[in-house]
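# Coordinates in review
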Amino acid sequence: MYWLELAGEEDAFAAYEAATAAAGVELIAPGIARAGHAGDGVRRLAYTRAAHEAVGRTDADLDAAVALLEAAGIDREGSVAVRARNVRATTEVSTSAAERELGGVLVDRGFEVDLDDPDHVLRALFAAGDRPAHDAVAGADGESGSVCALGWVDTEAARDFSPKPTERSFFQPGSMAPIDARAYVNVAGAAPGRTLLDPMCGTGGLLVEGGRVGADLLGTDAQRKMVRGTRENLRAHGHADDGENGDSPAFEVARGDATALPIRDDAADAVAFDAPYGRQSKVARHELADLVEGALAEAARVAPRAVVVADRDWRGPAQAAGWRVDARFERRVHRSLTRHVLALRRE
Ligand SMILES: C[S@@+](CC[C@H](N)C(=O)[O-])C[C@H]1O[C@@H](n2cnc3c(N)ncnc32)[C@H](O)[C@@H]1O
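All of these numbers come straight from a predicted model, not from anything done at the bench.

On to the domain arrangement of the chain, then. Split by domain assignment, the chain resolves into domain 1 (2-156) and domain 2 (165-346). The gap between the C-alpha centroids of domain 1 and domain 2 is 33 Å. With 13 residues of domain 1 at the contact, the number on the domain 2 side is 21 residues. Across the interface of domain 1 and domain 2, roughly 1,400 Å² is buried in total on both sides, 58% from carbon and sulfur atoms. Here domain 1 is connected to domain 2 by one salt bridge. Where R331 meets E10, a salt bridge forms, and the shortest distance between an N and an O atom there is 2.9 Å.

Structure representation (structure tokens):
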């Protein structure tokens, strides 16, 4: 069993994203989820910091955590460090006291402490409060939890997002934060060996993050300058800096209409797009509703999964286009913008 330390403030969304890299994800307390298995894909996640191999859990109480560790079997060798976190300051527990006392237990059991370069890191996550209710996320039943989750750090997310939009080679107002773009492409199913399509790619924010998780990329946009800009951004930012994904993923970006894509059936594994905001698409020829409906129908023709991000709920048109809504989230960006996120599966 694994403990996932979530990032951000929206646990249901974070847990849903984490489920693309871990099995049986279930929220147990604010900022903490349990998973039956956590794979290497955790490295790609936006809203998970790390997966920990579980030692056990108690209430958010230091004495109880110490007793748990004293009784636990520890099948490890080498140096250790303890790192504690009081998640979102939801408990009274002192993290320095927790690190000292839990470290003391490990020393008593014969381990050498090395705070700079330990072989193993024991994490103690203390959290208390309500778990959010969400249909798509197990365990999220709105109940209160008080938890200390104790576990060995197993996989840390690289969180190697692209530079913020204003610092990219090509910038236009309205681009989304890279951490969110990363989460959306993950939820869509982008991964090495898979092809991600953004049919209205704009400055390429979603595709750049798709490239950084190692997916092959297809993009279209109705505007020539966006096509050029996306290519520029993909060349400059569309792969992880450490080259871990090997060479830059393959990409093709072309001018095209999202309602009549120049792409064959089932050419992609995943679609993600950020629909134009406002009453009309910037590009003439389509009313916004016609554009989104047409794009949803085309998306269902070319891929089995999609994520649609928009300033309103396009659930009805998505269902009419042959999609099942697997999950839906409303994410507040600022006072005048809430993003509606649909995670879609082809019926
Ligand atoms: C909200 S922006 C996408 C932003 C993008 N995710 C980014 O990171 O920059 C919507 C894009 O849809 C494009 N667009 C509008 N109508 C279109 C159509 N019929 N076909 C393809 N693209 C279209 C616009 O040119 C614009 O770039």
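Turning next to the side chain of R339. In this structure, R339 sits in strand β16 (residues 337-346). Lacking a salt bridge, the buried R339 has D274 as its closest oppositely charged neighbour, with an N-O distance of 4.5 Å. For R339, the side chain forms a polar contact with the side chain of Y277, separated by 2.8 Å. Residue contacts for R339: discarding those within four places in its chain leaves M176, Y184, Y277, V309, A310, F329, E330, R331 and V333.

With that settled, consider the pattern of salt bridges. Applying the stated criterion to the full structure yields 20 salt bridges. We note a salt bridge from R345 to D326, for which the minimum N-O separation is 3.6 Å. Taken together, the positions of R345 in strand β16 and D326 in strand β15 (residues 323-334) put the pair 19 residues apart, joining distant regions of the chain. On the accessibility criterion, D326 (28% relative accessible area) is partly exposed. By sharing partners, the salt bridges in this structure join E5, R85, R123 and E156 into a single network.

With respect to the element layout, R332 can be found in strand β15. On the basis of relative accessibility, which here comes to 60%, the residue R332 falls in the exposed class. Spatially, the C-alpha atom of R332 lies 27 Å from that of R346, the residues being 14 residues apart in sequence. With sequence-adjacent residues up to four places away left out, R332 is seen in contact with L337 and T338.

Okay, helix α1 (residues 11-18) next. For α1, the buried fraction is high: eight of the eight residues fall into the buried class. Along α1, the residues classified as buried are D11, A12, F13, A14, A15, Y16, E17 and A18.

One finds L4, V25, Y184 and L196 to be the most contacted residues of the largest nonpolar core, which totals 50 residues. Both of domain 1 (2-156) and domain 2 (165-346) provide at least three residues apiece to this core. What L4 contacts, discounting residues up to four positions off in sequence, is A18, A22, V25, G31, I32, A33, A35, A38, T48, A50 and A51. Grouped together as the second largest cluster of nonpolar side chains are 27 residues, M200, A268, V271 and W314 included.

Spatially, β12-β11-β10-β13-β14-β16-β15 is the arrangement adopted by the seven strands of the open sheet, whose pairing is mixed. The two strands at the open ends of the sheet, each matched to only one other strand, are β12 (251-255) and β15. If you compare each strand with its neighbour and ignore which way they point, the axes differ by 15 degrees on average. Here four bridges tie strand β13 (residues 270-274) to strand β14 (residues 305-310), and the two strands are oriented parallel to one another. Paired with D274 across the bridge in β14 is V309. Along the sheet, helix α6 (residues 224-237) makes contact with β11 (216-221) and β12, crossing β12 at roughly 165 degrees.

To continue, consider the packing of aromatic side chains. Counted under the stated rule, the structure contains four aromatic pairs. Clustering of aromatic rings is evident, with ring pairs tying together F13, Y16, Y47, Y184 and F329.

A few words now on the site of the ligand. Taken together, 21 residues are adjacent to the ligand, and T203, G205, D221, Q223 and A258 come closest. Residue G205 places a main-chain N or O atom 3.0 Å away from an oxygen atom belonging to the ligand. Within the side chain of D221, one N or O atom sits 2.6 Å away from an oxygen atom of the ligand. A total of 600 Å² of accessible area belongs to the ligand in isolation, and the protein chains cover 93% of it. In terms of residue class, the shell around the ligand is made up of 10 nonpolar, eight polar and three charged.

The subject of this paragraph is the environment of L197. Turning to its location among the elements, L197 is positioned in strand β10 (residues 195-198). Taking C-alpha positions, L197 is 9.5 Å from E252, a pair spaced 55 residues apart along the chain. The contact partners of L197, leaving out residues within four places of it in the chain, are L218, G219, L261, I263, A268, A270, V271, A272 and V302.

Take the side chain of N186 next. Following the sequence through the fold, N186 ends up in helix α4 (residues 178-188). Looking at N186, its side chain comes within polar contact range of the main-chain oxygen of R44, at 3.1 Å. In this structure N186 touches E17, T20, R44, L45, A46 and V213, once residues within four positions along its chain are discounted.

Parameters and conventions
Residues numbered from 1 in each chain as written. Predicted model: local features only at pLDDT ≥ 70, side-chain atom pairs only at ≥ 80, totals over all residues. Heavy atoms only, no water. Domains from an automatic or database assignment. Contact = heavy atoms within 4.5 Å. Buried area = accessible area lost by both parts, 1.4 Å probe. Salt bridge = Lys/Arg side-chain N within 4 Å of Asp/Glu carboxyl O. Helix = DSSP H or I, 4+ residues; strand = E, 2+ residues; numbered from the N terminus. Buried < 20%, exposed > 50% of the residue type's maximum accessible area, 1.4 Å probe, protein only. Lys, Arg positive; Asp, Glu negative; His and termini not counted. Polar contact = N/O pair within 3.5 Å; in protein donor to acceptor, adjacent residues only side chain to side chain. Core = buried A, V, L, I, M, F, W, Y, C linked by side-chain atoms within 4.5 Å. Pairing = 2+ DSSP bridges. Axes fitted to C-alpha atoms, helices over the stretch in contact; angles between N-to-C directions. Phe/Tyr/Trp six-rings, centres within 6.5 Å; stacked < 30°, edge-to-face > 60°. Near = heavy atom within 4 Å. Areas by Shrake-Rupley, 256 points an atom, 1.4 Å probe, with all protein chains shown as cover. Nonpolar A, V, L, I, M, F, W, Y, C, P; charged D, E, K, R; others polar.

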